[in-house]
Amino acid sequence: MRPHFDPGFLAGLVFASLVAFFLVGPVILSVLAGVTANYQRGILESGITLAWLGRVFELYAPTIALSLGIALATLVATLLLGVPVAYALAKAPGRLARLAEEALVMPVAIPGIATGLALILAWGAVGEFRTHWTFILVGHVLFTLPFMVRSTLAVILAAKLPALEEAARSLGAGFLARFTTVVLPNAAPGILAGSLMVVTLSLGEFNMTLFLHTPFTMTLPVGLADSYASMRLEIGSAYTLVFLVLLIPLLVALQWAADRATGAPSRP
Amino acid sequence: MGNDRLALVALVAPAIAFLIAFFVFPLLMMARTGASGPDGLATYLTILVDARYLASLSKTVLLAGTVTLTTLAIAGVAGVFLARHRFPGRRVLTAFLTLPLAFPGVVVGFMVILLAGRQGVVGTIAEALTGERLVFAYSLAGLFVGYLYFSIPRTVLTVVAAAEKLDPALEEAARSLGAGRWRVVRDVVLPGLEGALLAAGAICFATAMGAFGTAFTLATRIDVLPMVIYAEFTVGANIAVAAALSFLLGAITWAVLAIARTAAGANVAAAG
């Protein structure tokens, strides 16, 4: 590596640090504002308080519970729908599989606002569905399914699973036995990374959910928008802090799982 | 063999049924709704010639384009720097640069308010320096900053991954042949990163075109396309136009991503 007093290195370091400052600075401000008694007067003068966080739980606890519930339900649905698809795509003949993959990825290529509107136009008038939380669930599954499929598919392809499975088959293992003892354990790192991705995306989904939600089914990000528009800055900040406390561990775990999933094939 | 085929179809069937019911069918319904207004099918023509929608469309395309180019420049430099150098604190710097990776648009909008809103730090600093409070969060400039904020992290990740695959020997060779720093960047590094930059740029552009949460948080007066769709649907109750505009928006983002995927794919294949 080049020596560190290289002017090019220093310029790069300063530049990257400034960009990092731009990205992290507001997050720090937000966290501080969430525990500051009075943001206008500053944290040093007005002191630290947990009162805003308490107020957030009074006002928005149902949104936090609903978002966690929807994220878990989305995870279950994408596992049930997505893992079999990834397996089938890995085994299916090339062109057909590519076509199916293309179709599957489409919901990600179209803005959530368009998908949300389309869902309302098609299903909004059907019985109680519109006001039920499963209406939001459908949107989230649509949007996150491609991530589960891709993440699982990548690991299955890298693990040379068809060959392993062929070996198991020649030893007399039936389809169910092969799926549970060969496919699932080998695809596990990809499924884990996909699962974390799905939960992270579902927890933060807003573009589509703003259309899909009703006053009875307000999710955390929709609640955040509500608090930014109508509450004091301190309450919006405290609410954001709650969201970050949920999100950041997921992001860290996701990074770890993604490294593990891509590193998997090189391990003995 | 036939049995295996059947098993594969059975595995895919639930997901396909789900997609048909909740994606294909709704999109068809939306296309039909777009033609259901007083203007009928001509609604699709109206949105392309009406001055208000045209202004919104061009503003959105221009904003997304500017955001994409700026993001590629910033994330390109930072990403290549991170890929090229090993130094203490590199992991922390990378973590900081990718922290807002999964922040929803609403949260990004709030970050912009904290930076440049009525109680923002930029305003406070500007007031201390010039005596005048600088507030630009609730305008197109605020939206631009917000879009940069959420585009930079994912683009940095893509660039780092691509730059680490580049062969440093090529740069050494160019340098030893007498090429200056800029020549090396122009003739060796940029061509090597072309596929990654194209793919990242397309995602950045498509996301900025359809992003809604940030604009929603900052102001309802910013008339980018997603905000116009929202206004037509909720306030204007002009559902046909909202559907037609959504269809147009979806077609644009889908086409941009598809073209970039084909181009980047061909690139990868050509590099062999």
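Residues numbered from 1 in each chain as written. Chains lettered and ligands numbered in written order. Predicted model: local features only at pLDDT ≥ 70, side-chain atom pairs only at ≥ 80, totals over all residues.

1. Let's talk about the overall build of chain A
Along its length, chain A carries 11 helices and zero strands. Principal-axis analysis of the C-alpha atoms places the extent of chain A at approximately 75 × 70 × 30 Å. Long-range contacts, defined here as pairs at least 24 residues apart, represent 77% of the contacts in chain A between residues at least 6 apart. (Helix = DSSP H or I, 4+ residues; strand = E, 2+ residues; numbered from the N terminus. Contact = placed C-beta atoms within 7 Å.)

2. As for the overall build of chain B
Secondary structure summary: chain B contains 12 helices and zero strands in total. In sequence order, chain B lays out its α and β elements as α-α-α-α-α-α-α-α-α-α-α-α. The principal-axis extents of the C-alpha atoms in chain B amount to approximately 75 × 70 × 35 Å. Taking all 272 residues of chain B together, the buried fraction comes to 44%. Pairs at least 24 residues apart make up 73% of the contacts formed inside chain B by residues separated by at least 6 positions. (Buried ≥ 20, exposed ≤ 12 C-beta atoms within 10 Å, placed from the backbone.)

3. Quick word on the interface of chain B and chain A
Between chain B and chain A, the contact holds 63 residues from the first and 61 residues from the second. Per element, the largest residue contribution to the side of chain B that touches chain A is 16 residues, and it comes from helix H1 (residues 2-34) of chain B.

4. Concerning the confidence of the model for chain A
For chain A, the mean per-residue pLDDT works out to 87, and 96% of the residues sit at or above 70. Counted against residues more than four places away or in other chains, residues 264-268 of chain A, with its pLDDT under 50, gives six contacts. (pLDDT = per-residue confidence, 0-100.)

5. Comments concerning the nonpolar core
Core analysis: the largest hydrophobic core is formed by 168 residues, its most contacted members being A:Leu117, B:Val112, B:Val159 and B:Leu245. Top contributing element to this core by residue count: helix H3 (residues 51-91) of chain A, with 16 residues. When sequence neighbours within four positions are dropped, the list of residues in contact with A:Leu117 reads A:Phe211, B:Met30, B:Phe233, B:Ala242, B:Ala243 and B:Ser246. (Core = buried A, V, L, I, M, F, W, Y, C linked by C-beta atoms within 7 Å.)

6. Concerning helix H11 (residues 225-234) of chain B
With eight of 10 residues buried, H11(B) lies mostly within the body of the structure. Buried within H11(B) we find B:Leu225, B:Pro226, B:Met227, B:Val228, B:Ile229, B:Tyr230, B:Glu232 and B:Phe233.

7. Section: the environment of B:Leu6
By the element assignment, B:Leu6 lies in helix H1. For the pair B:Leu6 and B:Arg84, spaced 78 residues apart in sequence, the C-alpha separation works out to 50 Å.

8. Here we look at the packing of helix H5 (residues 112-123) of chain A against helix H6 (residues 133-158) of chain A
Residue and element names in this part refer to chain A. Contact geometry of H5 with H6 gives a least axis separation of 11 Å together with a crossing angle of 140 degrees. In terms of orientation, H5 and H6 fall into the oblique class. Once H5 is placed against H6, the crossing between them reads as right-handed. Counting all contacts with H5, which are made through Gly-112, Thr-115, Gly-116 and Leu-119, the residues of H6 involved are Val-138, Gly-139, Leu-142 and Phe-143. Across the contact of H5 with H6, the residue classes tally to four nonpolar, four polar and no charged. (Axes fitted to C-alpha atoms, helices over the stretch in contact; angles between N-to-C directions. Parallel < 35°, antiparallel > 145°, perpendicular 65-115°, else oblique. Left-handed = near helix turned anticlockwise from the far one by under 90°. Nonpolar A, V, L, I, M, F, W, Y, C, P; charged D, E, K, R; others polar.)

9. Some remarks on the confidence of the model for chain B
Residue and element names in this part refer to chain B. Mean pLDDT for chain B: 87, with 95% of residues reaching 70 or above. Within chain B, helix H12 (residues 239-271) has the poorest average pLDDT of any element, 78, and helix H3 (residues 51-84) the best, 94. Low pLDDT (under 50) marks residues 266-272, which in the prediction has three contacts with non-local residues, meaning those over four places away or in another chain. The complex prediction reports pTM at 0.88, with the ipTM value standing at 0.87.

10. A closer look at the environment of A:Ala257
Residues and elements named next belong to chain A. Residue placement: Ala-257 occurs in helix H11 (residues 233-263). With 20 C-beta atoms counted inside 10 Å, the residue Ala-257 sits in the buried group. Between the C-alpha atom of Ala-257 and that of Met-197, which follows or precedes it by 60 residues, the distance is 9.8 Å.

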